[in-house]
Amino acid sequence: VPSHLATPRPHCIMASTLQRPRTSPIEWSRENRAMLSTARGGQTTSRSTRDHSMNTTRLATARLDRVQTTVKLELNRRHDSVQQLKEELTMVAHDIFTETNHLEAQKERVSQALLAKDQPLEINASCQEWRARRDPVELVADDVDSELTKEAKLLGEIQVSLKSAVEDCVGQLRLLRATKYQLDQDIADKCTAESIDATCADLRATQSDATHRSSPVAQTIPTAADPEEWEAFSRNNINLALREKESSEQLRAALVEDILQFEKVLLVQNNVTDEAFNARIADVTDIRNAAQASLIETESELAAQGASISDLEKAIADQNAPLALAEDRLAKRLNRPKIELVRDSAHKELVVEVAEIKHVIADLQGEKLESEASHRELVRAQKSLQVDIRVKSNSISLDNQCMQRRQHYKYRPQ
């Protein structure tokens, strides 16, 4: 057996134990007291550290609570400020929208007034053209010619003014829409900011509400505006919108006054021209009355025939629904399954109904074609009578024709 694995003998162990150094009782007591003292010192230090930590935690929590309360208060204040300014922007945007609609309506009225000048100009030109066809002996530079020339000049000047007014409306509408777009963008940004601030104010420091970001969040934003710039931006939008609204209101008021004034001036000129015609026509003593009576009857029959054609068109149109219903019923009954697809009495009656409706429509269309042919014949007869009046009545008949044409339009203040 190797020597290092051999079991020691008892007398060897005792000899080794007796040879170890011994500590005196005093030193042993001193070491125990030192150990206890060190333990008590560690306990004291630990209690002091714990008390300090608890105090620090309490103070930090209180400070953070104050900061968080202040933050929430400021977020709510900011939310209220954004909401208040957004409401003001919304109100102004609504006013701009309303004013845009008003100006659109006014532009439409101006456009209609401009369009309405085409007919009197056409009538005026027709009268001058017809009067130029008078017999050579009747080609006199009378008061009628003079007043027709004044009337045409006045209508042309008014058309120019109304075209310019339409362009002014278009330009102002463009400004209003641009302003409305700017307001809408501002309102949209305010809504986003309001939502974000409301969300931030409602967040709580829990894992479900907020998560710690691994990367630091920027504390300052170089491009951010200060509150004064923020409010000034919206105030500028509001002030610009109010200025454009005021400009639009002034434009609308001016246009109303202009249109009214134009109509009054045209009414005066129309009356003067009519009086000149009436003075010229006062000398009529020839056979134009019979031709005019026939012309009146023809025009009356034209109106009646036109109404009759409209009634026929309506009657034809009224058959479309019953025809569609009958054909739809026929089509749906074709979907009956197998042996159920029977040529029963209902099917036969539906076929008869479709045929009858088509026959009625064909009859009505035939009547309509005849009425339209009669209407065209009446139109041709009207033109023949007008030519006959011009031939027989010469310049007086032409003046009557002009007056009849002029009755189709009267200048009335709107």
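Notes on the structure follow.

Scoring rules and cut-offs
- Residues numbered from 1 in each chain as written.
- Predicted model: local features only at pLDDT ≥ 70, side-chain atom pairs only at ≥ 80, totals over all residues.
- Heavy atoms only, no water.
- Axes fitted to C-alpha atoms, helices over the stretch in contact; angles between N-to-C directions.
- Helix = DSSP H or I, 4+ residues; strand = E, 2+ residues; numbered from the N terminus.
- Parallel < 35°, antiparallel > 145°, perpendicular 65-115°, else oblique.
- Left-handed = near helix turned anticlockwise from the far one by under 90°.
- Buried < 20%, exposed > 50% of the residue type's maximum accessible area, 1.4 Å probe, protein only.
- Expected span 1.5 Å × (residues − 1).
- Arc of directions from axis to C-beta.
- Core = buried A, V, L, I, M, F, W, Y, C linked by side-chain atoms within 4.5 Å.
- Contact = heavy atoms within 4.5 Å.

So, on to the packing of helix α4 (residues 143–202) against helix α5 (residues 227–281). The contact between α4 and α5 brings their axes to 9 Å, and the two run at 165°. In terms of axis orientation, α4 runs roughly antiparallel to α5. As α4 runs across α5, the sense of the crossing is left-handed.

Tracing the chain through its elements places Q407 in the segment after α8 (345–406). On the basis of relative accessible area, Q407 is assigned to the partly exposed category, the value being 44%. Distance from Q407 to D274, taken between C-alpha atoms, is 9.9 Å for residues 133 residues apart in sequence.

The next subject is helix α7 (residues 320–333). With 14 residues, α7 extends 20 Å between its outermost C-alpha atoms, agreeing within 8% with the 20 Å of an ideal straight helix rising 1.5 Å per residue. If you check which residues of α7 are buried, you get L323, A326 and L330. In a view along the axis of α7, the buried residues occupy a sector of 70°, so they form one face of it. Away from the buried face of α7 by more than 90 degrees, exposed residues A321 and K332 are located.

Formed by 29 residues in total, the largest nonpolar core has its most connected members in V110, L162 and L183. Within the residue set of this core, elements represented by two or more residues are α2 (25–116), α4 and α5. If one sorts the elements of this core by residue count, α4 sits on top with 11 residues. The residues touching V110, leaving out its near neighbours within four places in the chain, are L162, A165, V166, L255 and I259. With 12 residues, the next largest nonpolar core counts A276, F277, L398 and C402 among its residues.

Take it as geometry only, folks, not as evidence of what the structure does.
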